[in-house]
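# Structure at a glance
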Amino acid sequence: MGRTVPTITQTLNETEALLQRFRRTLRRGDQILLDDLLASAHRHIAAIAETQALLPFEGALLAILLEQARRLAQLEQRLSDLEQAWSAHEPREP
Amino acid sequence: MNHASREHLGWLLDVYLRPDGTLVGWLLNDDGQHHLLAWDFPVTIYLEGSPTHLRQVWRTLTDPNLHKARVVRQDIYGHSHTLLALTAPSPGQAQALYHHLQRTFPHLDAYDADLPLGVQVMVRTGVPLLGRCRFRHDGQHLLEINSLASPWDLDPPLPPLRLLRLYPDRDPTLAPPQVLHLEFATYHYRLPLRPLRPFLINLQAIWARCDPDLILSDHGDAWFFPFLQQAAPQFNPNRDPTLGVQFRRERTLFAYGQVLYRAPQAHLCGRWHIDRRNAVLFSEIGLDGVFELARVTGLGVQDAARKSPGAGITALQMQTALRERILVPVAKPEAETPRTLPHLIAHDRGGLIYQPLLGVHTQVAEIDFTSMYPAIMVNANISPETLGHPDAPPGLIPRTLQPLLHKRLALKRWLQSLPPQDCRVPTLRARQTALKWLLVVCFGYLGYKNARFGRVESHEAVTARSRELLLQAKALAEDLGFTVLHMYVDSLFVHHPDAHTPDALTPLLEAIERQTGIPVALEGIYRWLVFPPARRHPSLAVANRYFGVFTDGRIKARGIALRRHDTPPFVAQTQAALLHLLAQAEHPTQRVADAWDWVAQQIARLQRHEVDVADLRMAVKLSRSPSAYRHPGPAAWAAWQLEAQGTAPRPGMRLGFWFTRQGIRVTPPAPDEVDYDRYARLVWRAAAEILEPLTPLPPNRQPRLPLLGRRSPIQCAQVAPSACKALTSC
Amino acid sequence: MAQPPALTPGQLVVLCGGTALTAAAHRLVVALLERGPVHLLDAGVRLQPYLLTRLIRQHTVGVADWLARLHLQRAFTAHQVAAALEALPTTAVPLVVLDLLASFYDDTLPLPQAQVLLQRSLTQCERLRQGAPLVLTLTPPPHPARRPLLDAVCRRATALFLDPEPTPLPTQLPLW
């Protein structure tokens, strides 16, 4: 007895296997981007499991969006930091 | 008092059956005398079925010593069952009766029919195995016994035991032994096995002189006692002359997706035999732990050493049931309650696993819930009969676990109060570890299909509660400013820039304990901790895979090569040495260069053939019969070689072999036959597992293969995982 | 199996084959759910919940509505299979049993007991198919000693399908 329902990890791995023909047709650079996207879903396995969704891929898509939002936020912060650093060193007009 | 009877104080060591079914108690009195006493011990089994079948049974059984009655008893759910009660004069006769009825009346359900002897004795007399007692006998029969002990005593006095160590000069699965070693007290005997007659004469003389209570052997189950039986059938190593060695045949079982192999067993009567190579947890708990298991569970010492902890927890549950006159079914018939698919998806889940944050972290506290699942079962009153009844009194499972939890915690606290060099520490550690294992498996047995008192819904209720409690702990940690780096079922890894000492964690620990109701302990604060990347994708870490060093210098690692059973000792030692090297630094990256140099030295040792062949031995589990492999790997090749040599490997067995230039070899090769390139790749891969996440080695510094010949760089760390796998496959 | 068989009360349909049977059985369950309630007894850990939901999603967005018609039970031992069948009422709701004999093949269950439990189970199947169609899936035994169990079930079948045709490729990307 005990668990018979597959884990979210197993389910996502199965979904990725089903996407192999899609992946194969992409350019190499895009394949790497797709791998990154799918990997980012794995960072939130626990949260996806907590949704108890009948179709876990919906939760996986939300997790992927979350990671994209995080990267965006990090990039915006870096940009802001760089702009501040630049303006601190910008030569003053005589 | 009858003037022919004598009374003693002593210990009840064990119970067993004579061929006629009589129960025998093996007792040791305070004067050092052993007594093997027949014990009047009638046993009742219960049958349930159609009235027609029960009447047939009644008419069939004509033995006047067998008492038959119609009774009503209750099961764990409080449901009444009308049963045919059959009381036999001895446990052996009851067992024989049950087996006979099982064959001739398979339609009937049986209860209380396969209870371990020690469990029955413990419940009826209150005397635990290895427990102090007062007993009266007439030289042949045990007349009376009274308990002076409890299985829950924290510091029970142990009987003085005469211990004989016994081991051959070589592994019998690889080559026929030539010499038998025997160690007793300060004596060490070395007996050549041939010629046979002098060997047997010497053996019998030593046996009689030592008169051991416990024989601790290597390969005693599968080799020594079968060999002795064949070579000297007239020599009885038992103390009980009415019985020969009790052999149990080997078994292969399939459970939970795993193939398990149980080697043959040789049990003694009036003495104990434990084979260290065939004892489940022996390396971790030793004799002290085995005695603790026997004392608490009621399983005899020889069974407690060999059986899985699951048998122990089952025995404990049987004790509770028997004590409270709850029927113990032989087979659990209840099916799962019907449900919907969304309900199944929502509830059929395990513990919470929170993906780790990849990389190197400093000042990480590891917080563990103490016996989380058993504590949940007790606190939330989770038992098959209490589900859906929030106001139910404590159920059978919590009642069973409560004293076990209490004792384990008490032993743990006692252990923590002692200085590390206290002589009591090893014994206490072993005993509390033994109890820990009982607690670890009790959850699994709640959901195990063959468990007498298992129910999958209660299994699910425990994991649901555990997930909730872990989320509560996470929230508390974050409220106090901690970052949660990783969570795994019953542990959290948290970081706070100001939490340098255990005292700084106290508010968090207290808050978690207060809110969840379960004790938590600080495993330690890591000076640094690494969550390495998954092979599959370098931006992902893997749950429960990490390595680090605590501020007190202890190293802890999970999920890496040195923790895996199939890693050869040399590779494991290399990885362990790397961890020790890195542990000397405040930050692991400070010693990475030295670590890579060390790896190069280890590979150079391989190149120079300086590594002991024994340290290159692989050990892989045979998952199926050799003929069933479609794509044979190393295990299959090793199994075929063993078959060719006349050994019959069974699924579930762990097979040893070496990689040689001619392929797989199951016998130790000569040094110049070893495939050192293969082992170099394994070393490199194990090193990369630790060091790549810290600082990858530039290509021009990587060792080159083959070690002797044309040179090309090892690309294990840089290639795709599938290729990496190909490098190490057969 | 491109189309599900026309199922009527009184029928005992037996599907016997390897792992390819699982997908066929799930498609059959979905086809039955389209028409109404279904009892499903998973006797061999064959149920793939997410496969079922994806297959339903190919027919409708109302996955939850269809799943509300599915009454599910798992049995992990032969005793539990017999008990589960005994507890089911005789109704018009079709019953699908996945891998009925899986636990009967267990080496730790003596063959005489397995035969008794199977007899009990088949007696219940006879009762249940009076009201509704019954579909049983079976896998072959791991060794010949247990073959009589498979034969006993196959003898009761009103329709017997052996080694079903390979699962056709999905017509759309089955993410949902």
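Source: prediction; values computed, not measured.

We now examine the overall build of chain C. When helices and strands are tallied, chain C shows 6 helices and 6 strands. Listed N to C, the secondary structure of chain C is β-α-β-α-α-β-α-β-α-β-α-β in terms of helices and strands. In chain C, once contacts between residues fewer than 6 apart in sequence are set aside, the share between residues at least 24 apart is 83%.

Another point: the overall build of chain B. From N to C terminus, chain B includes 19 helices and 30 strands. Computed over C-alpha atoms, the radius of gyration of chain B comes to 29 Å, within 12% of the 27 Å expected from 2.2 N^0.38 for 730 residues, which places it in the range of a compact globule. Overall, chain B is about 90 × 70 × 55 Å in size when its C-alpha atoms are taken along their principal axes. The buried share of chain B, reckoned over its 730 residues, is 42%.

A few words on the nonpolar core. Membership of the largest hydrophobic core comes to 192 residues, with the highest contact counts inside it found for Val290(B) and Val683(B). No other element matches helix 12 (residues 425-447) of chain B, which puts 12 residues into this core. Among residues more than four places away in sequence, those in contact with Val683(B) are Val571(B), Thr574(B), Val599(B), Gln602(B) and Ile603(B). Counting 61 residues, the second-largest nonpolar core is a separate cluster that includes Ile345(B), Leu55(C), Leu100(C) and Ala114(C).

Between chain A and chain B, the contact holds 15 residues from the first and 20 residues from the second. Put simply, the parts of the chain that give the side of chain A that touches chain B at least two residues each are helix 3 (28-42) and helix 4 (45-50) of chain A. Take the side of chain A that touches chain B: its biggest share by element is 4 residues, from helix 3 of chain A. Taken together, the residues of the side of chain A that touches chain B break down into 7 nonpolar, 4 polar and 4 charged.

Turning our eyes to something else, we now look at the pairing of strand 8 (residues 131-137) of chain B. Residue and element names in this part refer to chain B. Here strand 8 shows a clear split, with Gly 131, Cys 133, Phe 135 and His 137 buried on one side and none of Arg 132, Arg 134 and Arg 136 buried on the other. Alignment of strand 1 (residues 6-17) against strand 8, held across 7 bridges, turns out to be antiparallel. Across the sheet, residue Leu 12 finds its bridge partner in strand 8, namely Gly 131. Looking at chain direction, strand 8 and strand 9 (residues 141-147) are connected through 5 bridges and run antiparallel. Of the residues in strand 9, the one forming a bridge with Cys 133 is Ser 147. The turn joining strand 8 and strand 9, which pair antiparallel and follow one another in sequence, is formed by 3 residues; a positive phi near 100 degrees is taken by Gly 139.

Here we take up the interface of chain B and chain C. Taken together, the contact pairs 18 residues of chain B with 21 residues of chain C. Ranked by the residues each element gives to the side of chain B that touches chain C, the list is headed by helix 9 (residues 341-347) of chain B, at 4 residues. Taken together, the residues of the side of chain B that touches chain C break down into 9 nonpolar, 3 polar and 6 charged.

To continue, consider the sheet that holds strand 6 (residues 80-88) of chain B. Residue and element names in this part refer to chain B. The 4 strands lie next to each other as 5-6-4-7, forming an open sheet whose pairing is antiparallel. Looking at the sheet topology across the chains shown, the edges are occupied by strand 5 (67-74) and strand 7 (109-111). Neighbour-to-neighbour, the strand axes of the sheet open up by a mean angle of 35 degrees, direction not taken into account. In this structure, strand 4 (residues 43-48) lies alongside strand 7, joined through 3 bridges in antiparallel fashion. Counted as the bridge partner of Glu 48 is Asp 109 from strand 7. Across the sheet, helix 1 (residues 51-60) is in contact with strand 4, strand 5 and strand 6; its angle to strand 6 comes to roughly 10 degrees. Sheet strands in contact with helix 2 (residues 91-104) are strand 4, strand 6 and strand 7, and its direction is about 20 degrees off that of strand 4.

So, on to the sheet that holds strand 22 (residues 491-495) of chain B. All names here are of chain B. Reading across from one edge, 19-21-22-20-23-24-25 is the order of the 7 strands in this open sheet, with antiparallel pairing throughout. Single-partner strands in this sheet number two, and they are strand 19 (353-354) and strand 25 (555-558). In this sheet, strand 25 lies alongside strand 24 (residues 546-550) in antiparallel orientation, the contact comprising 4 bridges. Paired with Val 549 across the bridge in strand 25 is Ile 555. The strands touched by helix 13 (residues 456-479) within the sheet are strand 21 (483-488) and strand 22, with strand 21 carrying the most contacts at an inclination of about 165 degrees.

Here we come to the packing of helix 8 (residues 309-323) of chain B against helix 12 of chain B. Residues and elements named next belong to chain B. The interhelical angle for the contact between helix 8 and helix 12, taken along N-to-C directions, is 80 degrees, at an axis separation of 8 Å. Taken together, the axes of helix 8 and helix 12 lie roughly perpendicular to each other. Contacts between helix 8 and helix 12 involve Pro 309, Gly 310, Gly 312, Ile 313 and Thr 314 from the first element and Trp 437, Leu 438, Val 440, Val 441, Cys 442 and Tyr 445 from the second. A class-by-class count of the residues in the contact of helix 8 with helix 12 yields 8 nonpolar, 3 polar and no charged.

Let us now look at unusual backbone geometry. For residues that are not glycine, phi is negative in most cases, and the peptide bond is trans in most cases. Residues and elements named next belong to chain B. Note that the residue after Arg 194, namely Pro 195, is joined by a cis bond; omega there is 0 degrees. Mapping Pro 195 onto the fold places it in the loop between strand 12 (187-192) and helix 4 (196-210). With a phi angle near 65 degrees, Leu 130 is a residue other than glycine that sits in the positive phi range. Within the element layout of this structure, Leu 130 appears in the loop between helix 3 (117-125) and strand 8. Positive phi outside glycine occurs at Arg 325, with the angle close to 55 degrees.

Time to look at the pairing of strand 10 (residues 163-168) of chain B. Pairing of strand 10 of chain B with strand 13 (residues 214-217) of chain B involves 4 bridges; the strand directions are parallel. Considered in strand 13 of chain B, the bridge of Leu163(B) is made with Leu214(B).

Before going further, it helps to spend a moment on the domain arrangement of chain B. According to the domain assignment, chain B consists of domain 1 (163-212 + 214-270), domain 2 (342-374 + 456-559) and domain 3 (590-617 + 668-728). When the residues that make up the side of domain 2 of chain B that touches domain 3 of chain B are grouped by side-chain class, the tally is 5 nonpolar, no polar and 2 charged.

Before going further, it helps to examine the confidence of the model for chain C. All names here are of chain C. In the predicted model, chain C carries a mean pLDDT of 87, and 89% of its residues have values of at least 70. Considering each helix and strand of chain C separately, the mean pLDDT is smallest for strand 6 (residues 159-162), with a value of 88, and largest for strand 4 (residues 95-98), with 97. Here residues 166-174 is modelled with pLDDT under 50, and outside its nearest four sequence neighbours on either side it reaches 7 contacts, counting other chains as well. Overall fold confidence (pTM) sits at 0.85, and the ipTM for the predicted complex is 0.90.

Okay, helix 13 of chain B next. Across its 24 residues, helix 13 of chain B extends 35 Å between first and last C-alpha, which sits within 8% of the 34 Å expected from 1.5 Å per residue. In the stretch just after helix 13 of chain B, Gly481(B) is the one whose phi turns positive, near 90 degrees.

Turning to helix 14 (residues 502-516) of chain B, a few remarks are in order. All names here are of chain B. Across its 15 residues, helix 14 extends 20 Å between first and last C-alpha, which sits within 8% of the 21 Å expected from 1.5 Å per residue. The largest bend along helix 14 measures about 25 degrees and falls at Leu 508. Every buried residue of helix 14 is listed here: Leu 505, Leu 508, Ile 512 and Thr 516. Summarising the contacts, the buried residues of helix 14 are in contact with strand 20 (359-369), helix 13 and strand 23 (520-531). Two residues or fewer after helix 14 comes Gly 517, characterised by a positive phi angle close to 80 degrees.

Now for the environment of Pro172(B). Residue and element names in this part refer to chain B. Residue placement: Pro 172 occurs in the loop between strand 10 and strand 11 (179-184). Since 17 C-beta atoms lie within 10 Å of it, Pro 172 is described here as partly exposed. As for Pro 172 and Ala 222, which are separated by 50 residues in sequence, their C-alpha atoms are 8.8 Å apart. Ignoring sequence-local partners within four residues, the contact set of Pro 172 consists of Pro 177, His 219 and Trp 223.

Right, let's get into the confidence of the model for chain B. Overall, the predicted model of chain B reaches an average pLDDT of 90, with 94% of residues at or above 70. Throughout residues 708-730 of chain B the model reports pLDDT below 50, and contacts reaching past four residues in sequence, or to other chains, amount to 35 contacts.

So, about the packing of helix 11 (residues 396-417) of chain B against helix 12 of chain B. Residues and elements named next belong to chain B. Running from amino to carboxyl end, helix 11 crosses helix 12 at an angle of 150 degrees, the nearest separation of the two axes being 9 Å. Accordingly, the angle class assigned to the pair helix 11 and helix 12 is roughly antiparallel. When you trace helix 11 past helix 12, the crossing you get is left-handed. Facing Ile 397, Leu 401, Leu 404, Leu 405, Lys 407, Arg 408, Leu 411, Lys 412, Trp 414 and Leu 415 of helix 11, the residues of helix 12 in contact are Val 425, Leu 428, Arg 429, Arg 431, Gln 432, Leu 435, Lys 436, Leu 438, Leu 439, Cys 442 and Leu 446.

Quick notes on the rules
- Residues numbered from 1 in each chain as written.
- Chains lettered and ligands numbered in written order.
- Predicted model: local features only at pLDDT ≥ 70, side-chain atom pairs only at ≥ 80, totals over all residues.
- Helix = DSSP H or I, 4+ residues; strand = E, 2+ residues; numbered from the N terminus.
- Contact = placed C-beta atoms within 7 Å.
- Rg over C-alpha atoms; globule rule 2.2 N^0.38 Å.
- Buried ≥ 20, exposed ≤ 12 C-beta atoms within 10 Å, placed from the backbone.
- Core = buried A, V, L, I, M, F, W, Y, C linked by C-beta atoms within 7 Å.
- Nonpolar A, V, L, I, M, F, W, Y, C, P; charged D, E, K, R; others polar.
- Pairing = 2+ DSSP bridges.
- Axes fitted to C-alpha atoms, helices over the stretch in contact; angles between N-to-C directions.
- Parallel < 35°, antiparallel > 145°, perpendicular 65-115°, else oblique.
- Domains from an automatic or database assignment.
- pLDDT = per-residue confidence, 0-100.
- Expected span 1.5 Å × (residues − 1).
- Bend = angle between axes of the 7 residues up to and from the residue.
- Left-handed = near helix turned anticlockwise from the far one by under 90°.

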